[in-house]
Structures are given as C-alpha cells and as structure tokens.
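Here are the chains, one letter per residue:
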Amino acid sequence: MAGTCTPYLLLAHHRSGSNFVTDLLQAHPQVECLNEPFSMHAPFFRTHDLQPWSAAEFDAQQLHPSLPAHGEIHDYLQALRRYLTGASPSRVIGFKETGLFGQLDWLRAYLPGLKLVFLWRDPRAIVSSVMRSELMGFWRYHELVPPAFARLFPHRASLAFTASQTADVATLAAMSVVVRYELARRALGSFDHLVLGLDAVARAPAHALDAMARLLGVEPHPSPVQFARARWATNRGGTFSSFRDPAGVSLRWQAHLQRAEVDAIERVLHAVNWCEPSRWPGESNAYQVDTALH
C-alpha cells in the first residue's frame with residue numbers, strides 16, 4: 001500500500017448516495033468505512049448540527065468546550081479517535097457522515113491528517129428525496145437550517161417563503177443543501193480531499209473508485225466495481241436506501257417534484273449564486289453572493 005495510513009471521511013448531504021458509496025468502499029478488502037459514528041451513534045451531534053466548531057477549540061482531554069470533560073460521550077469519542085487513528089498498511093479506516101459540516105475545522109485537530117471525500121448531488125435530486133423521507137424532522141431542519149443560512153448568507157437571510165406548504169418544504173430543504181455545501185467549500189482546502197459527483201460514481205464507478213483508492217493510498221480492486229454493477233439491479237429501499245441505478249440518480253427527481261417546488265429550489269440556488277462543486281474555482285468563493293439579486 002502506498003501513502004500514509006491516516007483516516008478518511010466520506011462527507012455528503014442527506015440523500016446523496018453516501019450509503020451506496022460506503023458500500024462500495026466496504027467492498028474493497030483494504031478499506032473499512034464506519035457508518036456515521038458521530039451523528040447516528042451520538043445524538044449530541046445531531047442537536048449541535050451546523051454549529052461551527054474551530055480547530056482552536058480542540059483540547060486533547062476535553063475534546064471540545066461543548067462536551068462534558070467526562071462521561072459516556074467523552075469516553076466514546078476518545079475510543080473512536082483511538083480506533084480511527086489505528087489504521088495499518090493492510091487496513092485503511094474511515095467513516096461516512098451526513099452531519100459534521102459545522103465541525104470540519106475541529107475534526108482536523110481531532111483527527112490529524114484526516115482525508116476527505118466530498119460526495120455531491122444535484123440539489124433538485126436531494127430535495128426530492130429528502131421531501132419523500134422523514135429526515136427533515138430527524139435532523140431538525142426547521143430549527144437548525146434557517147439560522148445557519150442567515151449566518152452564512154446574511155444578505156439572503158430574508159429569503160421569503162411562499163403560501164405553498166410543499167414549496168416551503170422544498171425551500172427549507174434547498175437551504176439545507178446550500179448551507180452544508182458552503183460549509184464544505186470553506187473547509188475543503190484544509191484537507192487532502194477529493195470531490196465526487198454521485199452521477200459520475202453511478203455512471204462510471206471504476207473511474208471514481210480509482211480516484212478514491214489513490215486518495216486513500218490503496219491499490220484499486222475489482223470487488224467495488226462488481227458490487228456497483230450488482231447494486232443497479234437491487235433496491236434496499238427505505239429512508240437509508242442504497243439503491244443507485246445511473247438513470248435514477250440523474251432523472252428521478254423530475255417525476256416527483258411539482259413545478260412550484262422546482263421554482264422554490266431554483267430561487268434558493270439563485271439567491272446564493274449556486275455553483276456545483278465540480279466547478280468550484282479552487283478554494284475561492286464559489287457563492288459570489290450578489291446583494292443585487294432578487
């Protein structure tokens with residue numbers, strides 16, 4: 001194995017194919033990918049989702065001022081840290097998360113050398129899938145997303161909701177996308193990282209998997225590609241599904257979103273001058289917020 005044995009993070013917005021990509025990574029005999037060890041196994045991180053934590057706030061003993069100095073969550077995070085930093089030349093250990101966007105800077109100190117794979121998807125597809133799931137309540141969108149949006153995009157903080165309930169839900173979900181993507185954009189330059197689109201992973205898994213293998217420092221293996229092709233014919237279903245057929249990744253949202261919902265999503269994207277992550281100009285400001293936009 002080439003490279004160093006540092007942990008990695010697969011980061012994605014909810015309903016962006018992270019379970020599918022986790023399964024691909026797990027199919028590699030030298031790669032282990034834990035499933036959301038922070039946000040799904042420690043509810044504390046869901047209640048603190050989108051809150052900014054800095055590297056300067058990291059403390060090797062307490063970990064973060066928001067955390068108790070002792071107790072179950074503190075002991076869990078210390079044990080998790082030891083496990084994630086225990087990779088060997090025969091096994092690369094990482095984890096996937098759909099939270100922690102606000103804690104990325106802190107994570108750099110918690111896990112020195114952490115590598116980051118950022119998985120993105122068309123916002124319309126994300127919103128369509130989120131609206132058909134129960135994740136908005138689970139992740140407390142109504143409580144946590146608007147304040148984060150106002151903090152990151154102060155000139156767009158008054159983005160109006162409409163009289164349509166479904167359009168307002170689409171607006172809130174789209175706000176979640178641009179908030180999390182902006183937090184990721186600001187942090188990516190601090191990590192050895194890779195940006196991947198779900199559409200590209202689904203349509204050309206071998207190329208995407210080769211890129212991830214290079215980042216993680218392992219040799220490509222045929223098993224993940226074989227798994228991807230087999231998965232196209234199988235639907236695990238449910239809120240945390242892993243089914244990713246190539247056509248559905250790109251087009252299924254068109255069958256589910258109403259015109260008013262699409263318009264609501266596009267209003268949010270226009271308000272922040274949305275730019276898809278594959279076109280982010282290096283680490284410069286991908287959202288050139290124009291105060292003249294309406």
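Coordinates for the structure precede this section.
Reading the values: the criteria
Residues numbered from 1 in each chain as written. Predicted model: local features only at pLDDT ≥ 70, side-chain atom pairs only at ≥ 80, totals over all residues. Heavy atoms only, no water. Helix = DSSP H or I, 4+ residues; strand = E, 2+ residues; numbered from the N terminus. Polar contact = N/O pair within 3.5 Å; in protein donor to acceptor, adjacent residues only side chain to side chain. Phe/Tyr/Trp six-rings, centres within 6.5 Å; stacked < 30°, edge-to-face > 60°. Buried < 20%, exposed > 50% of the residue type's maximum accessible area, 1.4 Å probe, protein only. Salt bridge = Lys/Arg side-chain N within 4 Å of Asp/Glu carboxyl O. Lys, Arg positive; Asp, Glu negative; His and termini not counted. Contact = heavy atoms within 4.5 Å. Axes fitted to C-alpha atoms, helices over the stretch in contact; angles between N-to-C directions. Parallel < 35°, antiparallel > 145°, perpendicular 65-115°, else oblique. Left-handed = near helix turned anticlockwise from the far one by under 90°. Nonpolar A, V, L, I, M, F, W, Y, C, P; charged D, E, K, R; others polar.

*Asks:* Please explain the environment of Ser133 as it appears in this structure.
*Replies:* Tracing the sequence through the fold places Ser133 in the loop between helix 5 (123–131) and helix 6 (135–138). Taking the C-alpha atoms as reference points, Ser133 and Arg15, separated by 118 residues in sequence, lie 8.9 Å from one another. Within polar-contact distance, the side chain of Ser133 engages the backbone nitrogen of Leu135 at 3.3 Å.

*Asks:* Help me understand the packing of aromatic side chains in this model?
*Replies:* The description of an aromatic ring pair rests on the distance of the ring centres and on the angle between the ring planes. Using the criterion set out here, one finds 14 aromatic pairs in the structure. Measuring from ring centre to ring centre gives 4.9 Å for Trp106 and Tyr110, while their planes differ by 20 degrees; the resulting arrangement is stacked. Highlighted residues: Trp106 and Tyr110, both in helix 4 (residues 104–110), separated by four residues, approximately one helical turn. The exposure class of Trp106 is buried, given its relative accessible area of 0%. What makes Tyr110 buried here is its relative accessible area of 0%. Pairing Phe118 with Trp280 gives two aromatic rings, centres 5.9 Å apart and planes at 15 degrees, and the pair type is stacked. With Phe118 in strand 4 (residues 115–120) and Trp280 in the segment after helix 14 (259–271), this residue pair connects regions lying 162 residues apart in the sequence. The exposure class of Trp280 is buried, given its relative accessible area of 10%. By way of ring pairs, the aromatic residues Phe38, Phe44, Phe45, Trp53, Phe58, Phe95, Trp106 and Tyr110 are connected into one cluster.

*Asks:* I keep staring at the pattern of salt bridges and nothing clicks. Help me out?
*Replies:* Side chains carrying opposite charge are able to pair once their charged atoms draw close together. Per the counting criterion, the structure on display carries twelve salt bridges. What you see here is one network of salt bridges that share partners, running through Glu182, Arg185 and Arg186.

*Asks:* Any chance you could explain the side chain of Glu261 here in plain terms?
*Replies:* Here Glu261 lies in helix 14. One buried charge, Glu261, has no salt-bridge partner; the nearest side chain with opposite charge is Arg132, at 8.6 Å. For Glu261, the residues in contact, after removing those within four places along its chain, are Met131, Thr166, Ala167, Ala170 and His256.

*Asks:* What's the story with the packing of helix 7 (residues 141–152) against helix 8 (residues 165–188) in this structure? I'm lost.
*Replies:* If you want to describe how two helices pack, look at the angle between their axes and the distance between the axes. Where helix 7 contacts helix 8, the two axes come as close as 9 Å, and the packing angle between them is 50 degrees. Relative to helix 8, the element helix 7 lies oblique. For helix 7 against helix 8, the interelement crossing comes out left-handed. On helix 8, the residues that touch Tyr141, His142, Val145, Pro146, Ala148, Phe149 and Leu152 of helix 7 are Leu172, Ala173, Met175, Ser176, Val178, Val179, Arg180, Glu182, Leu183 and Arg186. Classifying every residue of the contact of helix 7 with helix 8 gives twelve nonpolar, two polar and three charged.

*Asks:* I'm lost on the packing of helix 5 against helix 8 in this one. Help?
*Replies:* Packing of helix 5 against helix 8 leaves a shortest axis separation of 9 Å and a crossing angle of 125 degrees. Accordingly, the angle class assigned to the pair helix 5 and helix 8 is oblique. Handedness of the helix 5/helix 8 crossing: right-handed. The segment helix 5 lies against helix 8, with Pro123, Ile126, Val127, Val130 and Met131 engaging Thr166, Val169, Ala170, Ala173, Ala174, Val177 and Tyr181. Among the residues forming the contact of helix 5 with helix 8, the class breakdown is eleven nonpolar, one polar and no charged.

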